[in-house]
Amino acid sequence: QEQFVESGGGLVQPGGSLRLSCVASGLMFRIYAMGWYRQAPGKERELVARINSDNMSAYADSVKGRFTISRDNAKNAVWLHMDSLKAEDTAVYYCSRIGRIIWGQGTQVTVSS
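A. Local environment of the sheet that holds strand 3 (residues 18–25). Overall, antiparallel pairing links the four strands, which are arranged 1-3-8-7 in an open sheet. Each end of this open sheet is capped by a strand with a single partner; those strands are strand 1 (3–7) and strand 7 (67–72). The average angle at which neighbouring strand axes cross in this sheet is 15°, direction not considered. The sheet contact formed by strand 3 and strand 8 (residues 77–82) spans six bridges and is antiparallel. By the bridge assignment for strand 8, Leu18 is matched with Met82.

The following block contains the structure:
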């Protein structure tokens, strides 16, 4: 019954920015840690960023200092703001609850000139 709908991906030039959005349903959103994951072709699915119910956040080393995760419990939403994008950030990005992962459709981010 839990569902996550991602949006906001697209094509961006290196050095550019994107803001990804995730809207959750079917769960008590407020009490759960949420995460953004990504998967590039031929690579493992990677946890990029997470945010706890108390708004404490953590990031993978590959994106630290460039990405910011945030949440609004009243909107059942979590965002990933991405700055200084690099070609290696190209991937399908997914959001999910931490602890019981349900994969949605994801949103494609392509960083290319």
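Here the narrative resumes.
B. Local environment of the side chain of Arg97. Here Arg97 lies in strand 9 (residues 91–97). A polar atom in the side chain of Arg97 sits 2.4 Å from the side chain of Glu2. For Arg97, the residues in contact, after removing those within four places along its chain, are Glu2, Phe4, Leu27, Tyr32, Ala33 and Met34.

C. Region of the structure containing the sheet that holds strand 9. Here we have six strands laid out as an open sheet, ordered 2-10-9-4-5-6, and mixed in their pairing. For this open sheet the edge positions go to strand 2 (10–12) and strand 6 (57–59), each flanked by a neighbour on one side alone. Strand-to-strand twist of the sheet, defined as the mean angle between neighbouring strand axes without regard to direction, takes the value 25°. Sheet analysis places strand 9 next to strand 10 (residues 107–111), joined by three bridges and oriented antiparallel. Within the sheet, the bridge partner assigned to Val92 lies in strand 10 and is Gln108.

D. A look at the environment of Ala24. Among the structural elements, Ala24 can be located in strand 3. A sequence separation of 18 residues divides Ala24 from Glu6, and the C-alpha atoms of the two residues are 9.0 Å apart.

E. Expanded view of the side chain of Arg71. Locating Arg71 in the fold gives a position in strand 7. One buried charged side chain, Arg71, makes no salt bridge at all; its nearest oppositely charged neighbour is Asp54, positioned 7.4 Å away. There is a polar contact of 2.8 Å between the side chain of Arg71 and the backbone oxygen of Tyr32. Within the local environment of Arg71, its side chain forms a polar contact with the side chain of Asn73, the two groups lying 3.0 Å apart. Filtering out sequence-adjacent residues up to four positions away, Arg71 remains in contact with Phe29, Arg30, Tyr32, Ala33, Met34, Ile51, Asn52, Ser53, Asn55, Ala77, Val78 and Trp79.

F. Structural detail: the layout of surface pockets. Considering only enclosed or pocket space, the largest pocket measures out at about 150 Å³ in volume. Lining the largest pocket are Arg38, Gln39, Ala40, Lys43, Glu44, Glu46, Ser62, Arg66, Glu88, Asp89, Thr90 and Ala91. Tallied by class, residues from the lining of the largest pocket come to two nonpolar, three polar and seven charged.

Conventions we followed
- The numbers attached to residues start from 1 for each chain and follow its sequence in the written order.
- Local features in this predicted model are restricted to residues of pLDDT 70 or higher, and side-chain atom pairs are both shown and tallied only at a pLDDT of 80 or more, whereas totals for entire chains, interfaces and linings draw on every residue.
- Computation of side-chain values: all heavy atoms of the structure, hydrogens and water removed.
- Pairing between two strands requires that DSSP report at least two bridges joining them.
- Numbered from the N terminus, helices here are DSSP runs of H or I no shorter than four residues, and strands are runs of E no shorter than two.
- A fitted line through C-alpha atoms serves as each axis, taken over the contacting stretch for helices, and the angle formed by two N-to-C directions is quoted from 0 to 180°.
- In protein, a polar contact means a hydrogen-donor-capable atom and an acceptor-capable atom, both N or O and within 3.5 Å, with residues adjacent in sequence counting only if both atoms are side-chain atoms; elsewhere, any N or O pair within 3.5 Å suffices.
- Working rule for contacts: check all heavy atoms of both residues, and any pair within 4.5 Å makes them a contact.
- A 1.4 Å probe rolled over the protein chains alone gives each residue an accessible area, and that area as a share of the maximum for its type sets the label: buried under 20%, exposed over 50%, partly exposed in between.
- Think of it this way: Lys and Arg go in the positive column, Asp and Glu in the negative one, and His and the chain ends go nowhere.
- One speaks of a salt bridge when a side-chain nitrogen belonging to Lys or Arg is within 4 Å of a carboxyl oxygen belonging to Asp or Glu.
- Buried and open spaces are told apart on a 1 Å grid over the protein atoms alone, a cavity being a set of points where a 1.4 Å probe fits but cannot get out and a pocket being an open set with protein on both sides within 12 Å along at least five of seven lines. Residues with an atom within 4 Å of a point are the lining residues.
- Grid points are joined across faces, edges and corners, and a volume is the space filled by probe spheres set on the points.
- As a working rule, the residues Ala, Val, Leu, Ile, Met, Phe, Trp, Tyr, Cys and Pro are called nonpolar, Asp, Glu, Lys and Arg charged, and the rest polar, with Gly in that last group.

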